[in-house]
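Single-letter residue listing:
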Amino acid sequence: MEIFFVLKSRFEKKTYKCGCSLRPAGWTHQHSRGPEVAARRHFVNLSVPIKGKRNMAGLMSNFGHYTHAVVRGVPASLAKEALRSSQAEVDLDKARREHKAYVEVLGPRLGLEVVQLPADESLPDCVFVEDAAVVCGDTALITRPGAESRRRETEAMNRALKDLNLNIVEMTDENATLDGGDVLFTGREFFVGLSKRTNQRGAEILADAFKDYAVSTVPVLEGLHLKSFCSMGGPGLIVIGSSEPAQKTLKIMQQMSDHRYDKLTVPDDLAANCIYMNLPNKGHVLLHPSAEEYPESAKVFEKLKDYMLIPVSNGQKVKVDGALTCCSVLINKKANI
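Residues numbered from 1 in each chain as written. Predicted model: local features only at pLDDT ≥ 70, side-chain atom pairs only at ≥ 80, totals over all residues. Heavy atoms only, no water.

Undergrad: Break down the pattern of salt bridges for me, with residues and values.
TA: For side chains bearing opposite charge, pairing can occur when the charged atoms are close. Summed over the entire model, instances satisfying the criterion amount to nine salt bridges. Ionic pairing is found between Glu204 and Arg201, a salt bridge with its closest N-O pair at 3.2 Å. In this pair, Glu204 and Arg201 both sit in helix 5 (residues 200–209), three residues apart, roughly one turn of the helix. Among the ionic contacts, a cluster of salt bridges with common partners joins Asp131, Arg150 and Glu153. (Salt bridge = Lys/Arg side-chain N within 4 Å of Asp/Glu carboxyl O. Helix = DSSP H or I, 4+ residues; strand = E, 2+ residues; numbered from the N terminus.)

Pasting the structure below:
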């Protein structure tokens, strides 16, 4: 693992829309470079005022604590109709077996209470529930997915999270798009990837929903989502793919953050999508892609000696751009919620 140090901003955090005239002194504003110039994007800190300082040590001590997981069944329509960037053929039966094993890890093996939503054949991508909501603490932001064909997926998710008595914030602005797969929560702050599915307005609404945390936007240069090549591997640990686009995005994250993180670099970008948990009687747990799929990356995960490492097969859903985090929404439900 490597430790990287980040730049410190020297101004009071506020919400800033993109525009050079809004740059406060002492902040590095990220302009587009190279292939991004045509997109004319700016990547900025969207931090909002904090009402009193939160105890960061306390926040991090709870990072990875989960009690519930929301998942959804695999529809038969996934094989032929799900959105995808490749034309690889999906074995539906195998996809369902892989998903069943994934759910069994979350429930029987790790002890989470699993809320299983039924598959909807009219929504081929509905198994990828992560894109429909972002949950932090007792607040759930119901997103507005970037693909129009996926917008109705939020309806069942909305009902499920209401049944869990979470505070619901709905993204209703028709100019906003946000997929949960573009949202990386580190326990200290949010990074939101600006991608084909998520735009600046979606990131601004997320910043407004989670006012206690800094929110920064970063470019997604390749791949579907930000978490197509990175995820959290533990408190203060970012798992990142080794490709040049992934490393460039990480560099921007370094510059936007007020915090320092460790990084664990894996050879395969898709293998960088993992699920970290910190659970009673189990400690640090990491669900990661199997050695059968990414043998060299699996060797890197073995460096995490104090972890319960759980390899999870995802070979079929990855053919339709699905990763491990895509298939669940994890919740830490306090007893008094």
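Undergrad: Go over the packing of aromatic side chains with me, naming the residues and quoting the values.
TA: Working definition: an aromatic ring pair is given by the centre-to-centre distance plus the angle between the planes. One pass over the full model with this rule turns up seven aromatic pairs. Measuring from centroid to centroid gives 6.4 Å for Phe63 and Phe185, while their planes differ by 55°, and the two rings are tilted. Pair noted here: Phe63 is in the loop between helix 1 (56–61) and strand 4 (68–72) and Phe185 is in strand 9 (residues 183–185), with a separation of 122 residues, a long-range link. Residue Phe63 is classed as buried on the basis of its relative accessible area, which comes to 7%. On the accessibility criterion, Phe185 (23% relative accessible area) is partly exposed. Taken together, a centroid distance of 4.7 Å and an interplanar angle of 35° make the contact between Phe185 and Phe190 tilted. When the ring centre of Tyr102 is taken as origin, the NZ or CZ atom of Lys317, which lies over that ring, is 5.2 Å away. (Phe/Tyr/Trp six-rings, centres within 6.5 Å; stacked < 30°, edge-to-face > 60°. Buried < 20%, exposed > 50% of the residue type's maximum accessible area, 1.4 Å probe, protein only. Lys NZ or Arg CZ within 6 Å of the ring centre and 35° of its normal.)

Undergrad: Residues and numbers for the sheet that holds strand 7 (residues 139–142), please.
TA: Sheet architecture is open: three strands sit in the order 6-7-8, paired in mixed fashion. Every other strand in the sheet has two partners, leaving strand 6 (133–136) and strand 8 (167–170) as the edge strands with one partner each. The average angle at which neighbouring strand axes cross in this sheet is 20°, direction not considered. As judged from the four bridges shared by strand 7 and strand 8, these two strands associate in the parallel manner. (Pairing = 2+ DSSP bridges. Axes fitted to C-alpha atoms, helices over the stretch in contact; angles between N-to-C directions.)

Undergrad: Go over the side chain of Asp182, please, and point to the residues and values.
TA: The topology assignment puts Asp182 in the loop between strand 8 and strand 9. Here Asp182 sits buried without a salt bridge, and the closest side chain of opposite charge, Arg197, lies 7.6 Å off (N-O distance). At a separation of 2.6 Å, a polar atom in the side chain of Asp182 contacts the side chain of Ser195. Once residues lying within four places of it in the same chain are set aside, the contact partners of Asp182 are Phe191, Val192, Gly193, Ser195, Arg197, Thr198, Val220, Leu224, His225 and Leu226. (Lys, Arg positive; Asp, Glu negative; His and termini not counted. Polar contact = N/O pair within 3.5 Å; in protein donor to acceptor, adjacent residues only side chain to side chain. Contact = heavy atoms within 4.5 Å.)

Undergrad: So what about unusual backbone geometry? Which residues, and what values?
TA: Phi angles above zero are rare outside glycine, and Asn281 is one such case at about 65°. Looking at where Asn281 falls in the secondary structure, it is placed in the loop between strand 15 (275–279) and strand 16 (283–289). By relative accessible area, Asn281 is classed as exposed at 82%. The backbone of Asp321 sits at a positive phi, close to 65°, despite the residue not being glycine.

Undergrad: Outline the environment of Gly233, listing residues and values.
TA: Tracing the chain through its elements places Gly233 in strand 12 (residues 230–234). As for Gly233 and Cys274, which are separated by 41 residues in sequence, their C-alpha atoms are 6.8 Å apart. For Gly233, the residues in contact, after removing those within four places along its chain, are Val239, Tyr276, Leu286 and Tyr307.

Undergrad: An account of the nonpolar core is requested, with residue identities and associated values reported.
TA: Grouped together as the largest cluster of nonpolar side chains are 31 residues, with contacts concentrated most on Leu226 and Phe301. For this core, the leading source of residues is helix 6 (residues 244–256), giving five residues. Among all residues touching Leu226, those that are not within four sequence positions of it are Gly181, Asp182, Leu184, Phe191, Val192, Gly193, Val218, Val220 and Thr249. (Core = buried A, V, L, I, M, F, W, Y, C linked by side-chain atoms within 4.5 Å.)

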